[in-house]
Amino acid sequence: MDSTTVEHRLAAEGADYLLLAGVNDNNLQELARLSHIRVILRGDHLILSGEVADVERALPVAERMVQQARIGREFDPEDIRRAFEAGPEPRSVPAGRDRGNGAPRHSESEVLLAGLKKLISSKSEGQRVYLEAIARNDIVVAIGPAGTGKTYLAVAAAVDALRKNRVKRIILARPAVEAGENLGFLPGDLQEKVDPYLRPLYDALEDIMPADWVRRAIESRTIEIAPLAYMRGRTLADAFVILDEAQNATGMQMKMFLTRLGLNSRVVITGDKTQIDLPRREDSGLLQIEVILRDIDGIAMIYLDEVDVVRHRLVKDIIRAYATADDTRQEG
């Protein structure tokens, strides 16, 4: 090794080495490709060697990989690419040091679900700001396109609050607004008609918690998933309440929902201003509260965009292409 290169040995004891390396060493190979260094897992150490600047840039990502492998959280080359592009995250403790009890460190930009051996963390700067806002505010409004993790991260924060006994229940609501379809012509009773609108909320829960836990929580009404209209006349106390797809709530519905807030409750409102299905765009309660509530202390407005998308890499390009087409149409 010549004088222009360095070798850094990162302790990896306690990590699941299969998770760390990935199938056929894909994770290590992706880190090596992105940072232009050599990455080897040897014994209890992850060895990074290459140019000084390249190794320094790769080190925070490598540390993150080791942390996640220690708690048994799966990740893949796409996660490594996002972490590499985002750069080093702010930490609550200095790099390379664990808490005194040896537990994996986490901050307000991470959700460590006790008993589930699962760490859900931000994958972009926007998501980090979003999770920190949820931790610090009673009401958070998250606005951004599909795939930015608005609903998923809110549900994770809600499950975390429930399991830590900070709230007694989780309430997930969505406006049942037809996107080119008519509820009246769908088969089944009312519940069967609205379930398709609520399915994304079930999906988020079941990805975070075992399916039998979700079923028992819904049966005991510890978790409630319902159309927004079902919130009328209620007081939502000791609850973590999420209103999803809020762009399709009317101004009156939004006011009704916000005034349900009771003692020791938190609210997260998520929506995408580009997917309003109401007959008149200006009737959207999401657009209205963006202006009406922006200066109230304790209410945070968070904006996510295509750089925060964590779905397939093409989703970012699709969102950008639609935005460009909309701009062109408006100019014409």
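For clarity, every value in this text was computed on a predicted model and none was experimentally measured. (Residues numbered from 1 in each chain as written. Predicted model: local features only at pLDDT ≥ 70, side-chain atom pairs only at ≥ 80, totals over all residues. Heavy atoms only, no water.)

1. Some details on the nonpolar core
Right, so step 1: In terms of nonpolar packing, the biggest core is built from 36 residues, with Y130, L205 and F240 touching the most fellow members.
Right, so step 2: Among the elements that take part in this core, helix α6 (residues 150-163) stands out by supplying nine residues, more than any other.
Right, so step 3: Excluding its chain neighbours within four sequence positions, the residues that come into contact with F240 are I134, A154, A157, A158, A161, V167, R169, I170, I171, R266 and V268. (Core = buried A, V, L, I, M, F, W, Y, C linked by side-chain atoms within 4.5 Å. Buried < 20%, exposed > 50% of the residue type's maximum accessible area, 1.4 Å probe, protein only. Helix = DSSP H or I, 4+ residues; strand = E, 2+ residues; numbered from the N terminus. Contact = heavy atoms within 4.5 Å.)

2. Here we look at the confidence of the model for the protein chain
Right, so step 1: Taken over all residues, the pLDDT of the protein chain has a mean of 81, while the share at 70 or more is 80%.
Right, so step 2: Throughout residues 90-106 the model reports pLDDT below 50, and contacts reaching past four residues in sequence, or to other chains, amount to 26 contacts.
Right, so step 3: Note on residues 178-183: pLDDT under 50 across the span, and eight contacts to partners over four residues away in sequence or across chains. (pLDDT = per-residue confidence, 0-100.)

3. Brief notes about the sheet that holds strand β1 (residues 5-11)
Right, so step 1: Taking strand neighbours across the sheet as the criterion, the three strands line up as β1-β3-β2 in an open arrangement whose pairing is antiparallel. Strands with a single pairing partner mark the edges of an open sheet, and in this sheet they are β1 and β2 (38-42). For this sheet the average axis-to-axis angle between neighbouring strands, irrespective of direction, equals 20°.
Right, so step 2: Sheet analysis places β1 next to strand β3 (residues 45-51), joined by seven bridges and oriented antiparallel. Paired with V6 across the strands is G50, a residue of β3.
Right, so step 3: Against the sheet, helix α2 (residues 26-35) contacts β2 and β3, and its axis sits at roughly 150° relative to β2. (Pairing = 2+ DSSP bridges. Axes fitted to C-alpha atoms, helices over the stretch in contact; angles between N-to-C directions.)

4. Observations concerning the packing of helix α9 (residues 251-258) against helix α10 (residues 285-292)
A packed helix pair is summarised by two numbers, namely the angle formed by the two axes and the spacing between the axes.
Right, so step 1: Two numbers describe how α9 lies on α10: the axes approach to 8 Å, and their chain directions differ by 60°. Here α9 is positioned oblique relative to α10, judged by the angle of their axes. You can see that α9 and α10 cross each other, and the crossing is right-handed. Where α9 approaches α10, its residues G251, M254 and L258 are matched on the opposing element by G285, L286, Q288 and I289.
Right, so step 2: A per-class count over the contact of α9 with α10 returns four nonpolar, three polar and no charged. (Parallel < 35°, antiparallel > 145°, perpendicular 65-115°, else oblique. Left-handed = near helix turned anticlockwise from the far one by under 90°. Nonpolar A, V, L, I, M, F, W, Y, C, P; charged D, E, K, R; others polar.)

5. Things to note about the sheet that holds strand β7 (residues 169-174)
Right, so step 1: Strand order in the open sheet made by the six strands is β8-β7-β9-β10-β6-β11, with parallel pairing throughout. Two strands close off the open sheet at either side, each with one partner strand: β8 (223-227) and β11 (299-303). Each strand axis lies, on average, 15° off the axis of its neighbour in the sheet, ignoring direction.
Right, so step 2: Judged from the five bridges that link them, strand β6 (residues 139-143) and β11 form a sheet pairing that is parallel. Directly across from V141, in β11, lies its bridge partner M301.
Right, so step 3: Sheet strands in contact with α10 are β6, β10 (266-271) and β11, and its direction is about 120° off that of β6.

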